[in-house]
Every structure is written in structure tokens, then in C-alpha cells.
Amino acid sequence: MRFIVLGISAWTAVKAGVGAAMNLTVVDKVPADMLHMVDVHWYQFPPMNPLWHAMLGWAIFFLCLISLIGNGMVINIFTSTKTLKTPSNLLVVNLAFSDFLMMFTMGPPMVMNCYYETWVFGPFACEVYAMCGSLFGCVSIWTMTMIAFDRYNVIVNGISAEPLTNKGATIRIFAIWATSLAWTLAPFFGWNRYVPEGNMSACGTDYLTDTFSSRSYILMYSVFVYFAPLFLIIYSYIFIIKAVSAHEKNMREQAKKMNVASLRSSEAQNTSTEMKLAKVALVTISLWFMAWTPYLIINYTGIFKAAPITPLATIWGSLFAKANAVYNPIVYGISHPKYRAALYKKFPALSCTDSADDSQSVASGETVITEKAEKIEA
């Protein structure tokens, strides 16, 4: 408690104007062996209120706990349930595995650093920490993209689509990890670098150094990790929604010809299949966009010197990006009908629905649509 009291007193003094005379900055607590990694930009900011460190520490602690439990459940159930061992679900497992590692490697160190109000694990650990965050974030984003491609292949191409095999899924997963590793190892070899950022309790890529190497890496990496996946996911879901809408229209027309109300037993549902799928697409893209856009803005603001960057802004931007590891188990795991059924059987207390409700899953729309399309065309 003593360090909190002293920290609050120091911060109050800074706010009162005494800080200028004392020359207190956010960098003061950084160990001497790490000062060469700290950009001069951060020396202009006074120490942060310890309350912010406490809030950040608790936030990352709970996010870490939820993510580890959620992704751990996805990995356990998808790998131990026979009906869920499909090539497509290998991508879901890879996503959960990447998100699990993200919070496993990011959460505990950040909680410790928030307690001490600075980075305490040394320069090399700082670089490894930043690389892990970048690596697992990159793997998660491209795994989401491959899941979108798989849905696109099944729904848009229909029965003419070449089904995904275990070999094909494994190759995709290997390619994702290999390319992501290549990008995130680059700063160790001189293309940009990993440095302490914000309130010095976390590390990331250097977006403040005004050099071609630093800027080019941020720009190229953002294209690979942000713009390209975002474009491909949006492209996939646009055509998925179009295909579903066209299929629903054909079903309604055939129902009219056959003088029946509907060809679907689930017509009584208040929401049509295409609207359900549109909501899944909207939620997926929106959560992804909200999670990573703040951090992208911070990086671009740094390399283009568009506006002042404060320690508090950088750390919360990073937290938003890490929180994406919490959303993914919900979007890709809990919305899966067979996953929900297995969850109900193995862990009833953690199940989000009754087993009788599993057929109502939004994410099952693609499979249901494909099966019905095959029956109609037959």
C-alpha cells in the first residue's frame, strides 16, 4: 500500500504544479537498462495517477480470465468431441489456440507491470512480449479470414465447391503461422523495433521514431494485418449474404408453385435465415473493426505526427486490441450448435443455452442452407 500512497502523492504534486520543479515523468520508474529503448516523446508526460494503473491491471486480469476460460473450453470441446472434428473446425481451434496464447502471454506480465507501474522484466522480455502480441494478433486475424473464405466456398459455390480437407486446413494453418512469424520477427533484424509504450507497462512496435525503416514497417504491416484481412472478410460476407438471399428467394418461389406456405419447417421463426446470417457478418466485422482500429489509429498518428499521443491513449488502444481474444470464442464457438450441445453435456453450468435450443444457432445457417439447397436441386 505504501507505494500506492506515495504514487498518489507524487501525482497530486504534479497536478498542483510542483511536478515541473521535481522533473517527474512517466519514465522515472523505468529500469536503467531499458532507458535506451524509450523514445524522448514520453519524457514530456508526468507520472500517471496510480488509479489508472489499477484500473488497467484489473481490466486486463478479468479479460485474461474470461479469454483463457472461453478459449480453453473451445479447444477442449472441439478436440474431444467426435462430431466436431472436421476440417473447417480446425480453423476454429486454431483461432481459439491463438487467442488463448495471446492472453496467456499478455495478461500476467501486464498485471505485474501495472502493480509496479512500469516494465520490470528487462529489455529482451519487452521485445518478446511485443512480438507475441503482434504474432498472435496476426494469426487470429488471418484465421478469421480463412474461416470467412471457408464459409464463402461452402455457401456461394454450393455443391460445386471443393470441400475443405484436413490436409487443406493444416496447410492454411501452417501458412498463417509461418507468414505471421516472418512479419513479427522482422523488428529483431532491424526493420522497426519493439519498445516500451504508453505508461511503460507494455511494449509494442516503434511508431514514434522518424525513420524510413520505422515508418515503412508500420505501413506495410498494417496493410498485411489490417486492410487486406478487413477487405477480404467484408468481400466474403457480402457474397455470402447475396447467395443466401438468392436461395431464400428461390425457395419462396418454389413454395408458391407448389401451393404451400413454405418449404422450410423453420419458417415460423421471426427472423429469416438471411437476416440471421447478416447479423453474424455484422457482429463479426464490427467487433473486429472496433478491436483493432484504435490501435491502428495510434500507430498512424505516431508515424505521421498527426496529433499528440498520450500514455493513457496508447495503453487503452492496446487493451482494445487484446480484448478481441475474448470476443472470438463467443462469435465462432458458442454460436456453433454442436459446440453448444457438447458444452451443455460437459459443463452444464457454463452452457449459454438449453440443449433443446441448439437448432436455433445463428452460425448454423450456412450448413442448413447448403443442405436444403442440395435437397432442392436433387
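What counts as what
Residues numbered from 1 in each chain as written. Predicted model: local features only at pLDDT ≥ 70, side-chain atom pairs only at ≥ 80, totals over all residues. Heavy atoms only, no water. Disulfide = S-S within 2.5 Å. Helix = DSSP H or I, 4+ residues; strand = E, 2+ residues; numbered from the N terminus. Salt bridge = Lys/Arg side-chain N within 4 Å of Asp/Glu carboxyl O. Buried < 20%, exposed > 50% of the residue type's maximum accessible area, 1.4 Å probe, protein only. Polar contact = N/O pair within 3.5 Å; in protein donor to acceptor, adjacent residues only side chain to side chain. Contact = heavy atoms within 4.5 Å. UniProt positions renumbered as here; feature names shortened; annotations may be inferred. Core = buried A, V, L, I, M, F, W, Y, C linked by side-chain atoms within 4.5 Å. Expected span 1.5 Å × (residues − 1). Phe/Tyr/Trp six-rings, centres within 6.5 Å; stacked < 30°, edge-to-face > 60°. Lys NZ or Arg CZ within 6 Å of the ring centre and 35° of its normal.

## Focus: the state of the cysteines
In step 1: Taken as a whole, this structure holds one disulfide when the rule is applied.
In step 2: The disulfide partner of C126 is C203, and the S-S distance across this bridge is 2.0 Å. Between C126 and C203 the sulfur-sulfur dihedral comes to about -120 degrees; the bridge is accordingly left-handed. Residue C126 is located in helix α5 (residues 123-156), and its partner C203 is located in strand β2 (residues 202-205); the two are separated by 77 residues in the primary sequence.

## Some remarks on the pattern of salt bridges
In step 1: Per the stated rule, a full pass over the model turns up three salt bridges.
In step 2: Of the charged contacts, one joins E117 and K29 as a salt bridge, the two residues approaching to 2.9 Å between their closest N and O atoms. Of this pair, E117 sits in the loop between α4 (87-116) and α5 while K29 sits in the loop between α2 (19-22) and α3 (50-80), and the two are 88 residues apart along the sequence.
In step 3: Look at E117 and you get buried, because its relative accessible area is 8%.
In step 4: Taking the relative accessible area as the measure of exposure, K29 reaches 42% and is therefore partly exposed.
In step 5: A salt bridge links R215 to D210, with the nearest nitrogen and oxygen atoms 2.9 Å apart.
In step 6: Residue classification places D210 among the exposed residues on the basis of a relative accessible area of 54%.

## Some thoughts on the side chain of S214
In step 1: Within the secondary structure, S214 sits in helix α7 (residues 212-257).
In step 2: Side-chain polar atoms of S214 contact the backbone oxygen of T209, separated by 3.3 Å.
In step 3: Sequence-distant contacts of S214, defined by excluding residues within four places in its chain, comprise N192, D206, Y207 and T209.

## Re the UniProt feature "transmembrane region" (unreviewed entry) in the protein
In step 1: UniProt's feature table lists "transmembrane region" (unreviewed entry) at residues 56-78, 90-108, 128-149, 169-191, 218-241 and 280-298, given in the numbering used throughout.
In step 2: Secondary structure content for residues 218-241 is 100% helix and 0% strand, and the end C-alpha separation is 33 Å.

## Description of the nonpolar core
In step 1: Core analysis: the largest hydrophobic core is formed by 87 residues, its most contacted members being W42, M110, Y207 and Y339.
In step 2: For W42, the contacting residues outside a window of four places in its chain are V26, V27, P196, E197, G198, M200, Y207, L208, I309, T310, P311 and T314.

## Observations regarding α5
Each α-helix winds once per 3.6 residues, and so residues spaced three or four apart point in a common direction.
In step 1: Between the first and last C-alpha of α5 there are 49 Å, a value that for 34 residues agrees with the 50 Å anticipated at 1.5 Å per step.
In step 2: The buried count for α5 comes to 26 of 34 residues, which makes it a mostly enclosed element.
In step 3: Of the residues trailing α5, G158 is marked for its positive phi of about 65 degrees.

## With respect to unusual backbone geometry
Leave glycine aside and you will find that most residues have negative phi; peptide bonds, for their part, are mostly trans.
In step 1: Here E117, not a glycine, exhibits a phi torsion of approximately 65 degrees, which is positive.
In step 2: One non-glycine residue, N192, lies in the positive phi region at around 65 degrees.
In step 3: Tracing the backbone shows N192 in the loop between α6 (166-185) and β1 (194-197).

## Observations regarding the packing of aromatic side chains
In step 1: Counted under the stated rule, the structure contains 27 aromatic pairs.
In step 2: Ring geometry for W119 against Y129: centres 5.1 Å apart, planes inclined by 70 degrees, an arrangement best described as edge-to-face. Taken together, the positions of W119 in the loop between α4 and α5 and Y129 in helix α5 put the pair ten residues apart, joining distant regions of the chain.
In step 3: Among the residues examined, W119 registers a relative accessible area of 2% and is labelled buried.
In step 4: Given the relative accessible area of 5%, Y129 is considered buried.
In step 5: Ring geometry for W191 against Y217: centres 5.2 Å apart, planes inclined by 80 degrees, an arrangement best described as edge-to-face. With a gap of 26 residues between them, W191 in the loop between α6 and β1 and Y217 in helix α7 connect regions that are remote in the sequence.
In step 6: Aromatic ring contacts, followed pair by pair, group W142, W183, W191, Y217, Y221 and F224 into a single cluster.
In step 7: Over the ring of F239 we find K242, and its NZ or CZ is 5.3 Å from the ring centre.

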